[in-house]
Every structure is written in structure tokens, then in C-alpha cells.
Amino acid sequence: MNRPKVGELQPPDRLLMGPGPSEVHPRVLRSMSTPLVGHLDPTFVDLMDEVQDLLRYVFRTDNEWTIPVSGTGSASMEAAVGNLTEPGETVLVPGNGYFGERMASMVERAGGDPVFVDAPWGEPLDPDDVAAAFAEHDPDVFGFVHAETSTGTRQPNVPELTAIAHEHDALVIADCVTSLGGVEFRVDEWGIDAAYSAAQKCLSCPPGASPLTLSDRAMEKVLARESPVRSWYLDLSQLQDYWGEKRAYHHTAPITNVYALREALRLVAEEGIEARWERHRRVAGALKAGVESMGLALNPEEDWWLPSLNAVRLPAGVDDDAVISHLLDEHGIEVAGGLGDLAGDVLRIGCMGHSAQPGNVLTLVAALGDALETVGAEVDADAGLAAARRRLAE
Ligand SMILES: *Cc1c(COP(=O)(O)O)cnc(C)c1O
């Protein structure tokens, strides 16, 4: 084995406007070069309390059981699904996007039976369909995706959905990966029993420590399980030794990621959660006005528009890869194409956290106009940019 010659780390300068990761605030980057302390150091134990308090603020919850899970969003997702699903239980999952399918796959691995409540990709679940699925399957758990990143769809009527589940004594799991810290989301007020998220979307933090919260009722179910959780690493009844009062070793916390998450959450608290939701609506609203005035349409309807992830329909015949490559190669801007039922039909443009700034949106709208004209699409790039500027000036 020869000694590899590997050059210095020099990632290109990108503007991250895709489905995540988003731009990271310099304060968060700086926090990651802070010297390590041990994961059981008394100062780190205090810092854990701070992170938990900040997470409760962002989740809008008083849940004691609020922690950052070691790993990316899929780890906190699997912690929620795996701990709340006992073998043989039925779990109702959404069929209107990519992440509902991932949820179903996790349910199966936990020994549960997933059943789908369907809606077309790009539309939210209809409460009547959820009620009908409850009547038919009587599920033990109901999971839904509040912000479906694959389709740019926000699930409205959340309190209505949780009420249906609670009438049937089921627990509700919410995926808020692409809404937490960017789009209105309220755990306690909306009656959500467990919610999970990730660091690299609207919290604008590098991936690695992922928010999770469970109500007392949800945690009681976890602690009363008949069979142990199939994942040793994500077993919340064991993890409570570390994140609960004992602060005893379970696994080594990703200390640097916890520092980063703390700083990212501090930025949210300084801005104020409601002001942050409003900023996302305002800045993404300019993006939306820009692409619409250019002659394009957003895929989801206005009532379920998701400011943090804008799924923009491409004109017929336009190759999404050509547009995405032009944005990356000529402008250094990252966006993504469609997934699943929307593959080839849409561009997915993120407007999350530190990326959600007026200057970034004007840059994106101008570059998108350039990319579309370059590939021969009929759009009015100037009108798009003018509309985005006007919206920001309102
Ligand atoms: C990104 C995402 C996930 C998974 O998060 P990872 O950090 O990629 O593991 C889950 N659900 C939704 C809605 C997401 O957007």
C-alpha cells in the first residue's frame, strides 16, 4: 500500500440553496474550533442543560425529554420510530413523499406494520383520509412529515390530525426536519407526542447532532416496552442515563457537534423564534415572487407552500440536470432536482436558516434566470429579478 498523496482541504466556495445543508453562520463555525472537554466534564454537563433548554424553546415545548441525538436527522428519526414502535404494532405513515417511505422502512425494521395514508406527491394529507385510515387500521402510532423536503409541501391542519390520533389513543410522531427553526411548528400546542429534526436545515448547523423531543406519555410507552428497542445505540431508555439526571456514560457525545448546535440555537433565541419564522416567510416570499414573475410556477398550492423548501416546476422540455449544473458550475450555487414522482419535473430550492437572506435570494433568482435562458427556456429573467426586489422592499 503506497502512501497516498492527498492535497490540502480546499472545498469550493458554494452558496447552499438546496434541501440541506444550508449556509452555516460564522459563529457556529468558530464554535467548532473550540477546544474539547470530556463528555462528562462538569462544564460539559452544564452545557448539556443549556442545549436542552434551547431545544425546548425552538420546539415550543416543556418536554423534559428533549435531547440532541448523535447522528444526522435519520438517527433522530430512527430513535423516534424505533423506540415508539413495538413489534407487531401498526403505524400509520404518510404516502405523499420520500420521507414517509423512509419512515415506513424504519417501522418494518422495528418489527411494526406500516400502513399508508395516501395523498399525491406535492399535496398534504387530508384529515378525512387520516380519520378513515384510523377507522380502518386502528394504528398504535401515527407519523407525519410536517415539511416534506422531497416535494416542498407543508402539512397544514396539524392540530386536527393529532386530535384524530388521540381520539384513538395513538401517539403522534412529527418529522420537522425542514421546518424546525424556520417554519411555524409547535409541539405542545399542536399535541405532538414526539418530534425529530436535524441540524443542517433551518438551524443552519453542520449535521451531526439532531434534535428530538418526547412527551411524558411517549416516554412512558418507551419505558414500559415489552421488548427492548432493536438499536442499542438509539435506545432512549439507556440514553436517559446520559441525558437524564444521572449524566452517566452511554456513548461519547459528539462534543464538537453539540458545541455547534448550542451556538446555532443561541442564534435562534437571539433572533426570536417567531421573528425567524417571519424572516423565512418574507425572504422565501421574494424568491417565490421572483420565480413566478419569471414565468414559472411553484409545485405546491399556496395553502401548503413551504418557505424553507421551494419546489419550482420546470418548463416542459427543460433538462433539470443542465440547469442544476449551470447553477453550480457558473454561479457556485447548489440547488437540487426532484425526487420520486417529481423527478425531472421540479427544482428544489432551499431557503433555510442562514441561507434565508435577501442577498442570497436575489443572487439565486438572477442566476436561475441566467441558467434557464442558457438552456433555451422561455422565461423573463429580468421580470423575475425585479419582482423579487420589489417584494423585499415592501
Ligand atoms: C433531511 C431530512 C431527513 C433526514 O435527515 P438526514 O440528516 O439526511 O439524515 C428526514 N426527513 C426530512 C423531511 C428531511 O428533509
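Draft legend 1. Summary view of the overall build of the chain. When its secondary structure is counted, the chain shows 13 helices and 15 strands. Taken against the 2.2 N^0.38 rule, which gives 21 Å for 394 residues, the C-alpha radius of gyration of the chain at 21 Å falls within 12% of a compact globule. The principal-axis extents of the C-alpha atoms in the chain amount to approximately 60 × 55 × 55 Å. Counting every position in the chain, which comprises 394 residues, the buried fraction comes to 58%. Across the chain, the fraction of contacts at a sequence separation of at least 24, relative to all contacts at a separation of at least 6, is 71%. Of the roughly 16400 Å² of accessible surface on the chain, a fraction of 47% belongs to carbon and sulfur atoms. Within the chain, one finds 30 positive and 62 negative side-chain charges whose respective centroids are separated by 8 Å.

Draft legend 2. How the structure looks around the side chain of T90. On the secondary structure map, T90 appears in strand β3 (residues 90–94). On the accessibility criterion, T90 (17% relative accessible area) is buried. With near-sequence residues (within four places) excluded, T90 lies in contact with D113, V115, H137, P139, D140 and V141.

Draft legend 3. How the structure looks around the packing of aromatic side chains. Following the criterion strictly, the structure yields 6 aromatic pairs and no others. Ring centres of Y98 and F99 lie 4.9 Å apart, and the angle between their planes is 80°; on these two criteria the pair is classed as edge-to-face. Geometry around W305 places K288 over its ring, the cationic atom sitting 5.4 Å from the centre.

Draft legend 4. Here's a closer look at helix α9 (residues 255–271). Its 17 residues place the ends of α9 25 Å apart at the C-alpha level, agreeing with the 24 Å of an ideal helix rising 1.5 Å per residue. Along α9, the positions that sit buried rather than exposed are I255, N257, V258, Y259, A260, L261, E263, A264, L265, L267 and V268. Where α9 is buried, its residues touch α1 (26–31), α2 (42–59), β2 (65–70), β10 (209–214) and α10 (273–294). Positioned one or two residues after α9, G272 has a phi angle of 95°, which is positive.

Draft legend 5. Focus on the sheet that holds strand β14 (residues 336–337). Reading across the sheet, the 4 strands line up as β11-β12-β15-β14 and stay open at both edges, with antiparallel pairing between neighbours. Unpaired on one side and paired on the other, β11 (297–298) and β14 mark the two borders of the sheet. Pairing between β14 and strand β15 (residues 346–350): 2 bridges, direction antiparallel. Bridging from a neighbouring strand, A336 pairs with R348 of β15.

Draft legend 6. The arrangement of the nonpolar core in detail. Within the largest apolar cluster, 83 residues are counted, with the highest numbers of intra-cluster contacts made by F142, F185 and L214. With 9 residues, α9 is the single largest residue contributor to this core. Not counting the four nearest positions on each side in its chain, F185 is found in contact with V58, F59, R60, H146, A174, C176, S179, L180, W190, I192, A195 and W277. One finds M17, A286, W305 and V318 within the second-largest nonpolar core, a separate group that totals 34 residues.

Draft legend 7. Layout of a negative patch on the surface. Taken together, the side chains of D329, E330, D370, E373, D380 and D382 make up a negatively charged region of the molecular surface. If you list the elements that add at least two residues to the negative patch, you get α11 (320–331) and α12 (358–374). Here D329 shows up in helix α11.

Draft legend 8. Fine view of the sheet that holds strand β9 (residues 194–196). With respect to topology, 7 strands assemble into an open sheet ordered β2-β10-β9-β8-β5-β3-β4, the strand pairing being mixed. Looking at which strands have only one partner, the edges of the open sheet turn out to be β2 and β4 (113–117). When strand polarity is set aside, the average angle formed by the axes of neighbouring strands in this sheet is 20°. Of the pairings in the sheet, the one linking β3 to strand β5 (residues 141–145) comprises 2 bridges and is parallel in character. In the sheet register, L92 faces β5, and the bridge partner there is F142. On the sheet, helix α7 (residues 216–223) packs against β2, β5, β8 (171–175) and β10 and is oriented at approximately 95° with respect to β10.

Draft legend 9. Up close: the domain arrangement of the chain. With domains assigned, the chain is organised as domain 1 (26–270) and domain 2 (273–393). When each unit is reduced to the centre of its C-alpha atoms, the spacing between domain 1 and domain 2 is 28 Å. Between domain 1 and domain 2, the residue contacts involve 30 residues of the former and 24 residues of the latter. It is W121, G152 and R154 in domain 1 that bury the most area against domain 2; as a group they hold 22% of the surface buried on that side. Here domain 1 and domain 2 share 1 salt bridge between them. Linking domain 1 to domain 2 there are 12 residue pairs in polar contact (both at pLDDT 80 or more). The set of elements that each furnish at least two residues to the side of domain 1 that touches domain 2 consists of α2, β6 (147–148) and β7 (153–154). Counted by class, the side of domain 1 that touches domain 2 contains 13 nonpolar, 10 polar and 7 charged residues.

Reading the values: rules and limits
Positions within a chain are numbered from 1, following the residues in the order the chain's sequence is written. Residue-level local features of this predicted model are given only where pLDDT is at least 70; pairs of side-chain atoms are given and counted only at 80 or more, and the full residue set underlies all totals for whole chains, interfaces and linings. Note that water and hydrogens are dropped before the side-chain values are worked out from all heavy atoms of the structure. Strands here are runs of E lasting at least two residues and helices are runs of H or I lasting at least four, both read from the DSSP assignment and numbered beginning at the N terminus. Put simply, the radius of gyration uses C-alpha atoms, and a globule should come to 2.2 Å times the residue count raised to 0.38. Each residue's exposure class comes from its accessible area (1.4 Å probe, protein chains only) as a fraction of the maximum for that residue type: buried when under 20%, exposed when over 50%, partly exposed otherwise. The contact criterion used is simple: two residues touch if any of their non-hydrogen atoms lie within 4.5 Å. For every accessible area listed, the method is Shrake-Rupley and the probe measures 1.4 Å; residues are considered covered only by the protein chains on display. Under the convention used here, Asp and Glu are negative, Lys and Arg are positive, and both His and the chain ends fall outside the count. Where a charge lies is defined by one atom per residue type, namely NZ (Lys), CZ (Arg), CG (Asp) and CD (Glu). Classification of ring pairs uses Phe, Tyr and Trp, with its six-membered ring standing for Trp, and accepts pairs whose centres are within 6.5 Å; under 30 degrees between planes counts as stacked, over 60 as edge-to-face, and the remaining range as tilted. In this scheme, the term charge over a ring applies when either NZ of a lysine or CZ of an arginine sits within 6 Å of the ring centre and within 35 degrees of the ring normal. In this scheme, a helix's expected span is set at 1.5 Å multiplied by one less than its residue total. DSSP bridges decide pairing: two strands pair if at least two such bridges lie between them. Residues belong to a common nonpolar core when they are buried Ala, Val, Leu, Ile, Met, Phe, Trp, Tyr or Cys residues joined through side-chain atoms within 4.5 Å. Each patch is built from salt-bridge-free residues with over 30% relative accessible area, joining like charges within 9 Å and nonpolar side chains (Val, Leu, Ile, Met, Phe, Trp, Tyr) within 5 Å. What counts as a salt bridge is simple: a side-chain nitrogen of Lys or Arg found within 4 Å of a carboxyl oxygen of Asp or Glu. For every element, the axis is a line fit to its C-alpha atoms; helices are fit only across the contacting stretch, and the angle between N-to-C directions ranges from 0 to 180 degrees. Domain start and stop positions are those given by an automatic or database domain assignment. Buried area: the accessible area, evaluated with a 1.4 Å probe, that two parts lose upon being put together, summed over both parts. For the purposes of these results, a polar contact is taken to be a pair of N or O atoms within 3.5 Å, where, inside protein, one atom must be able to donate a hydrogen and its partner to accept one; residues adjacent in sequence count only when each atom of the pair is a side-chain atom. Polar here means any residue other than Ala, Val, Leu, Ile, Met, Phe, Trp, Tyr, Cys and Pro, which are nonpolar, and Asp, Glu, Lys and Arg, which are charged; Gly is therefore polar.

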